[in-house]
There are 2 protein chains.
Amino acid sequence: MTDKNDKELVFLPLGGTGEIGMNCNLYGFGGRGKRQWIMVDLGVTFGKHSDPGIDVITPDISFIEKQKKNLCGLLLTHGHEDHIGAVAHLWPRLKCPVYATPFTAALVRGKLAEAGLLDEVPLHIIEPDAHLEVGPFVIDYICLTHSIAEPSALAIEVEGARILHTGDWKIDPDPVIGKLTEVDRLKALGDAGIDAIICDSTNVLSPGRSGSEADVGRMLQDVVCESTGRVVITTFASNVARLTSIAAAAVKSGRHLCLAGRGMHKIYQAARETGYLTQFPEIVDESDAGYLPPEKVLICCTGSQGESNAALGRMANGRHPHLTLEPGDRVIFSSKMIPGNETEILALQNQLAQIDVEIISPNGSDIHVSGHPCRGELADMYEWARPRSAIPVHGEHRHLIAHAALAKELGVAEPCRVHNGDVVRLAPAPTEVIDAVQTGRLHLDGYIMTEGGSAALKERRKISYNGVVFVAVPIDAANRLAGQVEVELVGAPTDDGMVKLTDWTLDAVERAIPSSGRLTPERAEQDISVAVRRELSRRWGKKPLVIVSFVSV
Amino acid sequence: MTDKNDKELVFLPLGGTGEIGMNCNLYGFGGRGKRQWIMVDLGVTFGKHSDPGIDVITPDISFIEKQKKNLCGLLLTHGHEDHIGAVAHLWPRLKCPVYATPFTAALVRGKLAEAGLLDEVPLHIIEPDAHLEVGPFVIDYICLTHSIAEPSALAIEVEGARILHTGDWKIDPDPVIGKLTEVDRLKALGDAGIDAIICDSTNVLSPGRSGSEADVGRMLQDVVCESTGRVVITTFASNVARLTSIAAAAVKSGRHLCLAGRGMHKIYQAARETGYLTQFPEIVDESDAGYLPPEKVLICCTGSQGESNAALGRMANGRHPHLTLEPGDRVIFSSKMIPGNETEILALQNQLAQIDVEIISPNGSDIHVSGHPCRGELADMYEWARPRSAIPVHGEHRHLIAHAALAKELGVAEPCRVHNGDVVRLAPAPTEVIDAVQTGRLHLDGYIMTEGGSAALKERRKISYNGVVFVAVPIDAANRLAGQVEVELVGAPTDDGMVKLTDWTLDAVERAIPSSGRLTPERAEQDISVAVRRELSRRWGKKPLVIVSFVSV
């Protein structure tokens, strides 16, 4: 048993299974309790409406943080936020070497610079087809195609066990930038024998294929060329192929290209530094674009998800310092609606409609394609790789379930559904969950990284519905009431002449204080709290949070 | 000029144009300043994530409230919440007669009963083809088809001017319940000459036709009959035709029908009382359905929008007192995703996926159809009615714009885009905006109806992001510090040993108080507030709301 354990290769997802974003995967090798690890990707997800005041959410990495001396390195597959967004936040807890291809590294460097970590982090820039040895792991980067430059799969080999970690991918027959999918290398891996594929599940519910960037480019070009007014195209800044196509459309249509939005400029910079967008036309400054005739401008901007502070949002609400839209202009959404953003996107489109701007949204895959594999592409991958087992990742539960079922259909002997925190033995066979570790989420609350579901967030969520009442009770050294009680209602409707919630609350507090004025603080706190909640429940229909403060005089 | 004004027929939407829900329309007749009015519909919309603690939003009706003696009646077109939901909340401000067909009236009565208003409101139950005279207005109810029982258009005539207010409609060739669209009456109106159509814009962006309830019924029957485990169908409770089809599927498949969810029972009750669902099979109680073999049960339930407290939500999260789901069961979403609810719906579907329940969602119009007219149906309506002018309502701005353009294409001489609050002259020609009144939204905050965008809501929204700090400063009659300052942080991360936000805040407050202990309250409030916000901005990255309370001792 000990001997066998000594040779175990395990997989342990800390994020990204059963949820969107926040991808973080560990691979371990060795006997239980003495494994060496590598981490693949360290991403974020973004706070939802139900997480007010939380912008960034990362995986809880405490399992590996506690044994960071056994973490040999962090390998990044590509530069999307859900794969690299937590590096600057969490690297100080890990302090391991980081490996990334040039474009991904340029994006990571930008984040590290903002966090003041640029000189500390050993960031190794590797070739897109790099061959690495990290601890006991032998790793080959394999080029795939996706909606960003330099997407990589990782072939990981350790003492005869072989796995394929796909990262995010699709099969784009004409990706506009970068290499084609390295099918031969995938097939060769399949010939050598793959114990497990750890594979993207995003589009497993969609039949067919995801389509090609080149087709989108041609369609965008047609739409721009037939436009007569100003044209605005909003897309995901990180899609360098899309930017390339948009630039080509500008050239073809005789329009000047203007990039708008901070994210757009950041990506443009990173892409230029690493050898992309070299054929790009000269960029017109945002501050100059407003002076050009509308039919001579193509604006490529951030804001496709309805963010009111992004470039497009500001143009729509008239708060952009340089760019304005007018009737007859066209706004092209070369992007999908990310679930959860529909309300904001539709609100933005309504603002645009009100200024009589024509809105063009994707219809099928005409002006936007997904970067993830649909079922037809998954079938190809499984045919090339022929893995013994398959572990669906990068998806919600309904995706993971459908992916496991598809893998079974495609002849995979051991499809395996896992959850964040599951320790899965990949080799020796059979692939199965053998253990679990604690996982969760960390919330970045302002500058402070807190446990997911922290008391602060729960409190804020609660007071956002019901408000909060402060009661200050002055007491002397003998715990006797020593002055005037003060109450403050926050978030309660008190501004209507008919409604006197503050007065009623104060009355309720005074009634809850014994006429003797003698208080037992714990008891009085309880009595006052109950009295206030009861009064406001009756008058207002809500039970706010009540904070009673005894002020010693 | 005075003579001409005396004959003006005007339209004034107080809600529902440029937004979803909250439909409220006024028609006025007479000279300016001495018009008589009728109101058509008085609906609600529901609070979004950005309105924490606000469940119900109604139009601001203060314009008509101030002259309620000139309001001759409220006429309801059908029983959806966005058309009747505000009646119980706002009728006390209007105190006018209310007119509704039997099914709509049954739903309104339920709401009035809950509000304790049943005996006060003069609710006139009228026939679905009623002919009424209300003030100077002569009104004919015309049967249409929609996703609820008894949808009505109103033909309104006053001194030779004639308008058609469509309400919500589609053209369903086989609506399962109720009459077919009364095409002959619409054509006859067109022959007589219509000055303006005020028309549903919801689906104007969709080509073709919305489809038929009967086809949905047949498809649901097929899906239920081929199922082997427990079947759950979730749909909008108010769709009585859909309930009829689901009951038929239960009978056909030999399953017992169970209705789950309060809304489902309410509609069932109202429908039975008014002569619908008479052929319904016997209903199995929720508490008994759990004892039946899975293959013998069909559960029809609320919760299609992902509401965690609705019947389906409780089944999915294991908190339903009687009904549980297990692997092999099927959940059929016979419903659309209402924009804004995607996050909750997908979260629900993930919960269901985790218990290996099969989820069936609509694919095109197979198991759900919209109740609103697509472009083909709008073309039919305009061909029948041939109105001189068209006013698109019931849609966001992008819908109203597209609808006005379509009306123009279909030969309408005067399509007219309007906003809430616009006073539009419909007759005599030309149809045009001649005035505007103040409009807005009222928020139901607990029991208290507040102005939309009230201070309370703004405060709650702010503290949900940044928290609130309460500072109690004891002072004597001479405004000298008279004891120990207390601070309370609410919604701030204070539970980590490393982070001592409360201590730091207290230090900041003490530093802001002059060493003399002598305070000028206004000045001290300002100084303390600035000091606390500065300290927390530095330590936490956020500037919370600061409330300083001087406690007199």
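Residues numbered from 1 in each chain as written. Chains lettered and ligands numbered in written order. Predicted model: local features only at pLDDT ≥ 70, side-chain atom pairs only at ≥ 80, totals over all residues.

Now for the interface of chain A and chain B. Counting residues at the interface gives 59 residues for chain A, matched by 59 residues for chain B. Looking at the side of chain A that touches chain B, the elements with two or more residues in it are α12 (342-354), α14 (397-409), β25 (448-451), α15 (455-466), β26 (468-475), β27 (486-490) and β28 (545-552) of chain A. Take the side of chain A that touches chain B: its biggest share by element is nine residues, from α15(A). Classifying every residue of the side of chain A that touches chain B by side-chain character gives 26 nonpolar, 20 polar and 13 charged. (Contact = placed C-beta atoms within 7 Å. Helix = DSSP H or I, 4+ residues; strand = E, 2+ residues; numbered from the N terminus. Nonpolar A, V, L, I, M, F, W, Y, C, P; charged D, E, K, R; others polar.)

Here α15(A) crosses helix α15 (residues 455-466) of chain B at 180°, and the two axes come no closer than 8 Å. As far as their axial angle goes, α15(B) and α15(A) are roughly antiparallel. On the side of α15(A), the interface is formed by A:Arg460, A:Arg461, A:Ile463 and A:Ser464, while α15(B) contributes B:Arg460, B:Arg461, B:Ile463 and B:Ser464. Counted by class, the contact of α15(A) with α15(B) contains two nonpolar, two polar and four charged residues. (Axes fitted to C-alpha atoms, helices over the stretch in contact; angles between N-to-C directions. Parallel < 35°, antiparallel > 145°, perpendicular 65-115°, else oblique.)

Moving on, we come to helix α5 (residues 102-114) of chain B. All names here are of chain B. Compared with an ideal rise of 1.5 Å per residue, which puts 13 residues at 18 Å, α5 spans 19 Å between its outermost C-alpha atoms and is within 8% of the ideal. Of all the residues in α5, the buried ones are Phe-103, Thr-104, Ala-105, Ala-106, Leu-107, Val-108, Lys-111 and Leu-112. Once α5 finishes, Gly-116 follows within two positions and takes phi at roughly 70°, a positive value. (Expected span 1.5 Å × (residues − 1). Buried ≥ 20, exposed ≤ 12 C-beta atoms within 10 Å, placed from the backbone.)

Time to look at the sheet that holds strand β26 (residues 468-475) of chain B. Adjacent strands of a sheet pair through backbone hydrogen bonds, lying either parallel or antiparallel. All names here are of chain B. Ordered in space as β27-β26-β28, the three strands form an open sheet in which the pairing is mixed. Bordering the open sheet on either side are β27 (486-490) and β28 (545-552), each of which pairs with just one other strand. Taken pair by pair, the neighbouring strands of this sheet meet at an average axis angle of 15°, ignoring direction. Judged from the five bridges that link them, β26 and β27 form a sheet pairing that is antiparallel. (Pairing = 2+ DSSP bridges.)

Below, the discussion takes up the packing of helix α7 (residues 213-225) of chain A against helix α8 (residues 240-253) of chain A. All names here are of chain A. The geometry of α7 relative to α8 is characterised by a closest axis approach of 9 Å and an angle of 35° between their N-to-C directions. The chirality of how α7 crosses α8 is right-handed. Residue-level contacts link Glu-213, Val-216, Gly-217, Leu-220, Gln-221, Val-224 and Cys-225 of α7 to Ala-241, Arg-242, Ser-245, Ile-246, Ala-248, Ala-249, Lys-252 and Ser-253 of α8. (Left-handed = near helix turned anticlockwise from the far one by under 90°.)

Judged by nonpolar contacts, the single largest core of 345 residues is most densely connected at A:Val471 and B:Val471. Excluding its chain neighbours within four sequence positions, the residues that come into contact with B:Val471 are B:Val485, B:Val487, B:Val509, B:Ile528, B:Val532, B:Val546, B:Val548 and B:Ser549. (Core = buried A, V, L, I, M, F, W, Y, C linked by C-beta atoms within 7 Å.)

This part takes up the relation of the copies chain A and chain B. Overlay of chain A on chain B (RMSD 0.1 Å): rotation 180°, translation along the axis 0.0 Å. The superposition operator between the copies reduces to a two-fold rotation axis. Residue A:Ser464, judged by its C-alpha, is the member of chain A lying nearest the rotation axis, at 2.5 Å. Interface overlap between copies is the fraction of interface residues in one copy that are interface residues in the other; for chain A against chain B it reaches 100%, indicating a shared surface. (Least-squares fit on C-alpha atoms with pLDDT ≥ 70 in both.)

The side chains of a regular strand alternate, first on one face of the sheet and then on the other. Residue and element names in this part refer to chain A. Summarising burial for strand β1 (residues 9-15): seven of the seven residues are buried, a large majority. Of the strand pairs in this sheet, β1 and strand β22 (residues 422-427) are connected by three bridges, and their pairing is antiparallel. Residue pairing for β22: Phe-11 is matched across the bridge by Val-424. Note that β1 and strand β2 (residues 24-29) share six bridges and pair antiparallel. Counterpart to Leu-12 in the pairing with β2 is Leu-26.

All names here are of chain A. Its 12 residues give helix α16 (residues 501-512) an end-to-end C-alpha distance of 16 Å, which sits within 8% of 16 Å, the value for a rise of 1.5 Å per residue. All of the buried residues in α16 are Leu-501, Thr-505, Ala-508, Val-509 and Ala-512. Across the axial projection of α16, the buried residues extend over an arc of 100°, all falling on one side. More than 90 degrees from the buried face of α16, the exposed residues found are Asp-503 and Arg-511. Taken together, the buried residues of α16 touch β26, β27 and α17 (521-539). (Arc of directions from axis to C-beta.)

Time to look at the domain arrangement of chain A. Segmentation of chain A into domains returns domain 1 (10-208 + 370-451), domain 2 (213-360) and domain 3 (467-552). If you average the C-alpha positions of domain 1 of chain A and of domain 3 of chain A, the two centres end up 53 Å apart. (Domains from an automatic or database assignment.)

This brings us to the pairing of strand β10 (residues 137-143) of chain A. All names here are of chain A. Pairing of strand β9 (residues 131-134) with β10 involves four bridges; the strand directions are antiparallel. Bridged to Glu-133 within β10 is Val-138. Hairpin geometry of β9 and β10 is characterised by an intervening segment of two residues between the two adjacent antiparallel strands and by a positive phi of about 60° at Gly-135. With six bridges joining them, β10 and strand β11 (residues 152-158) adopt antiparallel strand pairing. The residue bridging Val-138 from the neighbouring strand is Glu-157, located in β11.

Structurally, A:Glu488 can be placed in strand β27. Judged by local crowding, A:Glu488 falls into the partly exposed class, with 19 C-beta atoms found within 10 Å. C-alpha separation for the pair A:Glu488 and A:Val471, spaced 17 residues apart in sequence, amounts to 6.6 Å. Other than its neighbours up to four places away in sequence, A:Glu488 contacts A:Phe470, B:Phe470, B:Ile547 and B:Ser549.

All names here are of chain A. Strands sit in the order β27-β26-β28 across an open sheet of three strands; the sheet is mixed. The open sheet has two free edges, formed respectively by β27 and β28, since each of these has just one partner strand. Each adjacent strand pair in this sheet contributes to an overall mean axis angle of 15°, direction not counted. Looking at chain direction, β26 and β28 are connected through eight bridges and run parallel. Bridge pairing in β28 places Val-471 opposite Val-548.

Its location among the elements puts A:Ile547 in strand β28. With 60 residues separating them along the chain, A:Ile547 and A:Val487 place their C-alpha atoms 9.8 Å apart. Beyond its immediate sequence surroundings of up to four residues, A:Ile547 is in contact with A:Val468, A:Phe470, B:Phe470, B:Glu488 and B:Val490.

Take the confidence of the model for chain A next. When pLDDT is averaged along chain A, the result is 95; 98% of the residues meet or exceed 70. In the predicted complex, the global pTM is 0.93; the interface-specific ipTM is 0.91. (pLDDT = per-residue confidence, 0-100.)

A word on the environment of B:Tyr291. All names here are of chain B. Summarising the element assignment, Tyr-291 is placed in the loop between α10 (286-289) and β17 (297-301). By C-beta crowding, Tyr-291 is classed as exposed, having 9 other C-beta atoms within 10 Å. Remark: the alpha-carbon pair of Tyr-291 and Gly-193, spanning 98 residues in sequence, is separated by 61 Å.

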